[in-house]
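# Tertiary structure, described
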Amino acid sequence: MLISYETFAARARELEKTIAEFCADAGRLASEVKLMAVTKTHPPAAAEYAARYGLPCVGENRVQEAVTKIEEARTEIPWELIGHLQSNKAALAVRNFARIQSVDRKKLVVRLNECCERENRSLPILLQVNAGRDSAKFGIPPEEAAGLLKAALEAPRLQVQGLMTIAPLSDNPAVARTTFARLRELRDELQDRYRIALPELSMGMSADLREAIREGSTCVRVGSALFGPRHP
Ligand SMILES: *Cc1c(COP(=O)(O)O)cnc(C)c1O
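First things first, this report covers the structure right here in the doc.

Reading the values: rules and limits
- Note that residues are indexed from 1 along each chain, following the sequence as it is written.
- pLDDT decides what is reported in this predicted model: residues at 70 or higher carry local features, side-chain atom pairs at 80 or more are listed and counted, and totals for whole chains, interfaces and linings draw on all residues regardless.
- Values shown for side chains rest on all heavy atoms present in the structure; no hydrogens or waters enter the calculation.
- When we say a residue is near a molecule or strand, we mean one of its heavy atoms is within 4 Å of it.
- Definition of a polar contact: a pair of N or O atoms within 3.5 Å, with one able to donate and the other able to accept a hydrogen when the atoms are protein atoms, and with sequence-neighbouring residues admitted only if both atoms are side-chain atoms.
- For every accessible area listed, the method is Shrake-Rupley and the probe measures 1.4 Å; residues are considered covered only by the protein chains on display.
- All residues other than Ala, Val, Leu, Ile, Met, Phe, Trp, Tyr, Cys, Pro, Asp, Glu, Lys and Arg, Gly among them, are scored as polar; the first ten of these are nonpolar and the last four charged.
- Note on terminology: a nonpolar core comprises buried Ala, Val, Leu, Ile, Met, Phe, Trp, Tyr and Cys residues joined through side-chain atoms within 4.5 Å.
- Categorising residues by exposure relies on relative accessible area from a 1.4 Å probe, with only protein chains included: less than 20% of the type maximum marks a residue as buried, more than 50% marks it as exposed, and the intermediate range marks it as partly exposed.
- The secondary structure listing takes helices from DSSP runs of H or I that are at least 4 residues long and strands from runs of E that are at least 2 residues long, numbered from the N terminus.
- Should any heavy atoms of two residues lie within 4.5 Å, those residues are considered in contact.
- For a helix, the expected span equals 1.5 Å multiplied by the number of residues minus one.

### Things to note about the site of the ligand
In the vicinity of the ligand, the contacting residues are V38, K40, N61, I82, I166, M205, S206, R221, V222, G223, S224 and R230. Take K40: an N or O atom from its side chain is 2.6 Å from an oxygen atom of the ligand. With respect to the ligand, the backbone of G223 contributes an N or O atom lying 2.8 Å from an oxygen atom. Notes on the ligand: free accessible area 380 Å², of which the protein chains cover 91%. Residues belonging to the shell around the ligand are distributed by class as follows: five nonpolar, four polar and three charged.

Structural data, given as structure tokens:
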């Protein structure tokens, strides 16, 4: 069961306040941090709520689940892919997502570029980095990120906007904070090395927003704090 719109809106307002406080603590402007609503496991109406409230985008982690929802939802809100993308679903992803945050290997870069050629579109992407070196997470190891970036910069249809990471699950906030700091430092290195701008740092979920904002997040991806616990 999806919560009511009123409950959603109250939580979104609360969350925006919290984000603004974390930004103030970090000496940052609240306008630097975008709030993405993660609608996975929730019905299409969840995306309609996000659009009605005025959030900038929604995130989904599975291609097939998302495509069904995108077809059913009555909203024009941009959908972004934040979960692992198999190469054989690249074409479907290119047809349905405004941006893909989970690009984590060269083969996928090549495949996405080919699919974009065919669709005659360009595709904004983020490179997913396993900045916490967590064996349970996807993402390219930090030391291989430069090679992946080079491949993406050579793909004319792809626009690399920045990096994305998921912190390892931990009760200790220092684990998330270190992970996010590492992603920011890696971004800074890559910007210098390739003389490009990588403004987007997609990091932080319901449980680690404070650490993410402190370390420079520009896009927090929030599911459970908006919609409640995930449905199986
Ligand atoms: C599910 C998910 C989120 C949101 O997680 P919550 O803890 O529900 O806020 C963020 N990012 C990714 C990649 C996810 O899969």
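### Let's talk about the nonpolar core
General note: in soluble globular proteins, nonpolar side chains tend to be found buried as a group. F8, F97, I100, L112, L127 and L226 are the most contacted members of the largest nonpolar core, which totals 72 residues. Broken down by element, this core gets its largest block of residues, eight residues, from helix α1 (residues 5-25). I100 has contacts with L81, L85, A93, L112, L123, P124, I125 and L126, leaving out every residue within four places of it along the chain. Residues V38, I82, I166 and C219 belong to the second largest nonpolar core, which totals eight residues.

### Quick word on α1
An α-helical turn contains 3.6 residues, so any two residues separated by three or four positions project in the same direction. Helix length check: α1 (21 residues) gives 30 Å between terminal C-alpha atoms against 30 Å at 1.5 Å per residue, within 8%. Next to the buried residues of α1 lie β1 (34-38), α2 (44-53), α8 (209-214), β8 (219-222) and α9 (224-227). Immediately beyond the C-terminal end of α1, within one or two residues, lies G27, with a positive phi of roughly 70°.

This is a description of form; function is not addressed.
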